[in-house]
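# Per-entry structural report
Single-letter residue listing:
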Amino acid sequence: MEGTATEKDFVKEITSAFSSSKLNVAPEKRQQALQYFQQFGLPDKKNEEYRFTPIATALEKKFTWPVKTVDSPINSIQSFLIDGLDAYVIVLINGKFSPEHSNIHQPETGLTIKTLSDAWQSEKQTIEKHWDKYINIENDAYASLNSACWQEGVFVRVEENKKIEKPIFILHVHDASVSQVVAHTKALVIAEAGSELSLIEKSGSIGKENIFHTFGEEIVVGSNASLNYIKIQQDEGNLYQVATSAIYQADSSQLNTFTLTLNGKMIRNNFNIAIDGENCESHFYGLYLLSGDTLADNHTVVDHRKPRSFSNELYKGVMDNNSKAIFNGKIYVRPQAQKTNAFQSNRNILLTDTATVNTKPQLEIWADDVKCSHGCTTGQLDEEALFYLRSRGIPEATAKAMLLYAFAAETLAPIKNESLKKYLDALISDRLHKDF
């Protein structure tokens, strides 16, 4: 598309601080992605996919460009860690790898964990086989921006038939205590045939300055492989984040995902799943508990390309104050994907008259021997249930929290790690008792 002179200047300002010379890795691929971004510009309200999530307007009004992020003096990341979780930890602070806070030494046999910049030297052939193959830089402006300007990232590879006992924990920390922060980070995760892996991602921040973070990741789940994937968005600051996840599934693979969104100023999750194998099983759970003026936008695409696979998607939300949620879920069933079972549900509770939700579940089916359904609900707390609890002497605030927890807890179904489940359960319970 052709933008105005002002729009072109703004695009130039956004990319000026992150030329490929700052991290001299994959300059040709960066340049190709940059050309796509310069062609698109940032999507505005006229773009159907972003019309409820005006990130471009926020970037133009809230940030002073070009942004020069100051190196962070963070001495401890303890408050961002998960109590009791035994995991490999790789930490990115303001988009840069922090070796002093990471713990990726002596990985299990069959596991490779490196920064992307290091992996380009030793794993280049593997990386180039998958790089930008699943993520759509040709049609998504934020994905192309991320691929052009990434500062650092994470590379994970699990060899065939290896079961990795400890989860991998990717932690994004933003220090906005001194200046605005702009960070672009990536991840490439490859679980080869027959392997098993748990992947946890979390973002958090300190400071009150504005933060813009793009995170692009490509995940390959090989044949007969299993992946548990958890994303935790608990950023207390003024975070504007676009997280794009592209996951590819091969034959007979299993995938369990859970996305928890609690805080942030404006959060956009693009979650794209290509089920390109037979006999796959996929579960996608999401929970957003929003208050204040937080906006959370979940866009999901589940693409069934081969026959005899199953997917189940359940996203739930609770909105308070002036918060806003968007859910846009699409299921595609291709002509050759006969015998597909695909289900999608989005359920929401609004606690105030000023909270809003826009929900749009969608099915596009080109096969005739399938079982598919989708639906959405939006309402308020059950007054009869609330009255029943209060009549038993339970205070109103506690009764509301109990009902909301019962509503939310179903989404924790895919969590297998007990320490992680306990942590998430406490996060959700604490949030519902304090803020709602």
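Throughout what follows, the structure given in this document is the object of discussion. Because the structure is a prediction, the values reported are computed rather than measured. (Residues numbered from 1 in each chain as written. Predicted model: local features only at pLDDT ≥ 70, side-chain atom pairs only at ≥ 80, totals over all residues. Heavy atoms only, no water.)

Attention now moves to the overall build of the protein. Along the protein, the regular secondary structure elements total nine helices and 19 strands. Against the 2.2 N^0.38 benchmark of 22 Å for 436 residues, the protein shows a C-alpha radius of gyration of 21 Å, consistent with a compact globule. When its C-alpha atoms are laid out on the principal axes, the protein stretches across 65 × 50 × 50 Å. Taking all 436 residues of the protein together, the buried fraction comes to 57%. Counting only contacts in the protein whose residues sit at least 6 apart along the sequence, the fraction spanning at least 24 positions is 85%. Of the accessible surface of the protein, which amounts to about 18,400 Å², a share of 45% is contributed by carbon and sulfur atoms. Across the protein, 45 positive and 55 negative side-chain charges occur, with their mean positions spaced 1 Å apart. (Helix = DSSP H or I, 4+ residues; strand = E, 2+ residues; numbered from the N terminus. Rg over C-alpha atoms; globule rule 2.2 N^0.38 Å. Buried < 20%, exposed > 50% of the residue type's maximum accessible area, 1.4 Å probe, protein only. Contact = heavy atoms within 4.5 Å. Areas by Shrake-Rupley, 256 points an atom, 1.4 Å probe, with all protein chains shown as cover. Lys, Arg positive; Asp, Glu negative; His and termini not counted. Charge placed at Lys NZ, Arg CZ, Asp CG, Glu CD.)

What follows concerns helix H8 (residues 396-408). Taking 1.5 Å per residue as the helical rise, H8 with its 13 residues ought to reach 18 Å, and the 18 Å between its terminal C-alpha atoms agrees with that figure. Three or more residues of H8 are buried, namely Ala399, Ala401, Leu404, Phe407 and Ala408. Packed against the buried residues of H8 are strand S13 (281-290), strand S15 (310-319), strand S17 (341-350), helix H7 (383-391) and helix H9 (418-435). (Expected span 1.5 Å × (residues − 1).)

What follows deals with the sheet that holds strand S18 (residues 356-365). On the basis of which strands lie adjacent, the open sheet formed by nine strands has the order S3-S4-S6-S8-S10-S12-S14-S16-S18 and mixed pairing. Here the strands that pair on one side only, and so sit at the sheet edges, are strand S3 (111-115) and S18. For this sheet the average axis-to-axis angle between neighbouring strands, irrespective of direction, equals 5 degrees. When S3 meets strand S4 (residues 152-158), the two strands line up antiparallel, connected through five bridges. Residue pairing across strands places Thr112 opposite Arg157, the latter belonging to S4. (Pairing = 2+ DSSP bridges. Axes fitted to C-alpha atoms, helices over the stretch in contact; angles between N-to-C directions.)

Quick look at empty space enclosed by the protein now. In the structure shown here, the tally under the stated rule is three cavities of 30 Å³ or more. Here the largest cavity defines a volume of roughly 60 Å³. Around the largest cavity, the lining residues are His172, Glu201, Lys202, Ser203, His213, Phe215, Lys231, Ile232, Gln233, Gln241 and Ala243. Looking at the lining of the largest cavity, the elements with two or more residues in it are strand S7 (196-206), strand S8 (210-221), strand S9 (226-234) and strand S10 (238-249). Split by residue class, the lining of the largest cavity holds three nonpolar, five polar and three charged. By volume, the second largest cavity is sized at about 40 Å³. As for the second largest cavity, its lining consists of Lys231, Ala243, Ser245, Thr259, Asn269, Asn270, Phe271, Asn298 and Tyr315. With three residues, strand S12 (residues 266-275) is the single largest residue contributor to the lining of the second largest cavity. (1 Å grid on protein atoms, 1.4 Å probe; cavity = no way out; pocket = protein on both sides within 12 Å on 5 of 7 lines; lining within 4 Å. Points joined across faces, edges and corners; volume = space filled by probe spheres on them. Nonpolar A, V, L, I, M, F, W, Y, C, P; charged D, E, K, R; others polar.)

Tallied over the entire structure, the rule returns 12 aromatic pairs. Residues Phe271 and Phe284 carry aromatic rings whose centres are separated by 6.2 Å and whose planes lie at 80 degrees to one another, so their mutual orientation is edge-to-face. Highlighted residues: Phe271 in strand S12 and Phe284 in strand S13, separated in sequence by 13 residues. By relative accessible area, which is 1% here, Phe284 ends up buried. Grouping aromatic residues by their ring pairs yields a cluster made of Phe63, Trp65 and Tyr240. Of note, Arg268 hangs over the ring of Tyr50, and the distance from its end group to the ring centre comes to 3.9 Å. Above the face of the Phe407 ring, Lys316 is positioned so that its terminal group lies 4.6 Å from the ring centre. (Phe/Tyr/Trp six-rings, centres within 6.5 Å; stacked < 30°, edge-to-face > 60°. Lys NZ or Arg CZ within 6 Å of the ring centre and 35° of its normal.)

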